[in-house]
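Chain residues, written in single-letter form:
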Amino acid sequence: MEGVFAKLRNLDAYPKINEDFYSRTLSGGIITIVSSIVMFLLFVSELRLYLHAVTETKLVVDTSRGESLRINFDVTFPALSCSMLSLDAMDISGEEHLDVRHDIIKKRLDSHGNVIETRQDGIGSPKIEKPLQRHGGRLEHNETYCGSCYGAEASDDDCCNSCEEVREAYRKKGWGLSNPDLVDQCKREGFLEKIKNEEGEGCNVYGFLEVKKVGGNFHFAPGKSFQQSNMHVHDLLPFQKDSFNISHKINKLTFGEYFPGVVNPLDGVQWVQHSPNGMYQYFIKVVPTVYTDINGRTIQSNQFSVTEHFKSDDTGRLQSVPGVFFFYDLSPIKVTFMEGHVSFLHFLTNVCAIVGGIFTVSGILDSFIYHGQRAIKKKMEIGKFS
């Protein structure tokens, strides 16, 4: 048994030196203190990395199909009233959403940006005070109201009981409503009066759009839109104005849900118009993004980059639709973020590397200083005797 222990002692890679042979120096003490502090700081740093989640990023080809894209927006127009402003969306597949009203809230703002009124829809409800019937007479007792669409009826049974319905019927026909005062419904509702009353007001519009996940655009512009000779046109005649100020501030614009670390480059962006008319364009590249947190919860969202361009009508004539246009296209590459913890073995390996590495480097440095001092001492002693 004693022989076995003797063989094990021969395998000792750490032979011990008697304490009587130790020589402690000032430089060795300083190096020990400094190396201990560095070792402690690196250990704390490694421990923080181990306790906190780390995010792994990957790029993959986006193979998803048939999904929808949610666009959240909050835009303020300080010089464009809510009665003028409309929102349209269209995509490259040919789908159109004209004068979108659902899931959208409009706030009337005064010249100082204070909220006057919040509403979800149109300009108001009609006043039914003996309105004009489709057949030409006035509404009598015990008679059902059916207003004229002024030639824009799709069928003989169609009725337009409000100014908004007349404008919508004209829009579907691709016609412009040149003088709303000639329309009984608009005259009763005071359409032009309300536009004049809102002169100098601003509008804050916020909400969301649900569109197909293909390239397209959405835009804020004055007037109702319609198709005329395969062109997208806005009816600006009822407003009786030559210029429209489309200065705006984008309070928020996101494509999908929020996830940790996302940066939306258009949040807080403001632009002021100096020419009479123009079209402001944002060209957006949307990057599909999947974020998986430490608990395994997955968020399907998007990031985006953007460039801007202003198309000015310096002549003062409306040669293009005045408005703010957002053209978006989707990237074929998807970014995935995955949160996770560093494994304990990885943490242990790094700690051992820190301790061993600093211990070795400080030992080499101490040895270099110690032997250097001895060599200098010897030379000085030799110089004295010679």
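Residue indices follow the written sequence of each chain, beginning from 1 at its first position. Thresholds applied to this predicted model are a pLDDT of at least 70 for local features of residues and 80 or more for the giving and counting of side-chain atom pairs; totals over whole chains, interfaces and linings are not thresholded and use all residues. Note: side-chain values were computed over all heavy atoms of the structure, leaving out hydrogens and water.

1. Quick word on the UniProt feature "transmembrane region" (unreviewed entry) in the chain
UniProt positions are given in the numbering used here, feature names are shortened, and annotations may be inferred rather than shown by experiment. Taking the numbering used here, the UniProt-annotated feature "transmembrane region" (unreviewed entry) corresponds to residues 21-44 and 344-370. Numbering goes from the N terminus for both helices and strands, where a helix is a DSSP run of H or I of at least four residues and a strand is a run of E of at least two. For the annotated span residues 344-370, helix accounts for 100% and strand for 0% of the residues, and the straight-line distance between the end C-alpha atoms is 38 Å.

2. Concerning the confidence of the model for the chain
Residues of the chain with pLDDT of at least 70 account for 83%, and the chain-wide mean is 82. pLDDT is defined as a per-residue confidence score from the predictor, taking values between 0 and 100. Ranking the helices and strands of the chain by mean pLDDT puts strand E11 (residues 248-255) first, with 96, and strand E9 (residues 224-228) last, with 65. Low confidence marks residues 122-128, where pLDDT is under 50. Its contacts with residues over four positions away, or in another chain, come to 17 contacts. Working rule for contacts: check all heavy atoms of both residues, and any pair within 4.5 Å makes them a contact.

3. Re the packing of aromatic side chains
The rule is short: rings of Phe, Tyr and Trp, with Trp giving its six-membered ring, pair when the centres are within 6.5 Å, and they are stacked under 30 degrees, edge-to-face over 60, tilted in between. Counting across every chain of the model gives 23 aromatic pairs. Plain terms: the ring middles of tyrosine 50 and phenylalanine 347 are 4.7 Å apart, the flat faces sit at 25° to each other, and that makes the pair stacked. With tyrosine 50 in helix H2 (residues 26-51) and phenylalanine 347 in helix H6 (residues 344-385), the pair connects residues that are 297 residues apart, well separated along the chain. Relative accessibility under 20% of the residue-type maximum defines a buried residue, over 50% an exposed one, and the middle range a partly exposed one, all with a 1.4 Å probe and only protein chains included. Take tyrosine 50: its relative accessible area is 24%, and that puts it in the partly exposed class. The exposure class of phenylalanine 347 is buried, given its relative accessible area of 8%. Ring centres 6.4 Å apart and planes at 45° place the aromatic pair phenylalanine 218 and tyrosine 328 in the tilted group.

4. Observations concerning the nonpolar core
Buried residues of nine kinds, namely Ala, Val, Leu, Ile, Met, Phe, Trp, Tyr and Cys, make up a nonpolar core once their side-chain atoms join them within 4.5 Å. Counting 48 residues, the largest nonpolar core has Phe218, Phe220, Leu253, Phe255, Ile284 and Phe326 as the members making the most contacts within it. The element that contributes the greatest number of residues to this core is strand E2 (residues 68-77), accounting for 5 residues. Once you skip the residues sitting within four places of it in the chain, phenylalanine 326 turns out to touch Gly216, Asn217, Phe218, Phe220, Ile250, Leu253, Leu266, Tyr282 and Ile284. In terms of nonpolar packing, the next biggest core, distinct from the first, is built from 6 residues, Val262, Tyr291, Val335 and Phe337 among them.

5. Let's talk about the state of the cysteines
Cysteine sulfurs are considered disulfide-paired once they come within 2.5 Å of each other. Tallied over the full model, the rule gives 3 disulfides. Here cysteine 82 pairs with cysteine 203 through a disulfide, and the sulfurs are 2.1 Å apart. Of note, the bridge from cysteine 82 to cysteine 203 carries an S-S torsion of about 100° and is right-handed in sense. Taken together, the positions of cysteine 82 in the loop between E2 and strand E3 (85-91) and cysteine 203 in strand E7 (residues 202-212) put the pair 121 residues apart, joining distant regions of the chain. For the pair cysteine 82 and cysteine 203, one class covers both residues: buried. A disulfide bridge connects cysteine 149 with cysteine 160, and the sulfur atoms are separated by 1.9 Å. On the sign convention where negative means left-handed, the S-S torsion of about 95° between cysteine 149 and cysteine 160 marks this disulfide as right-handed.

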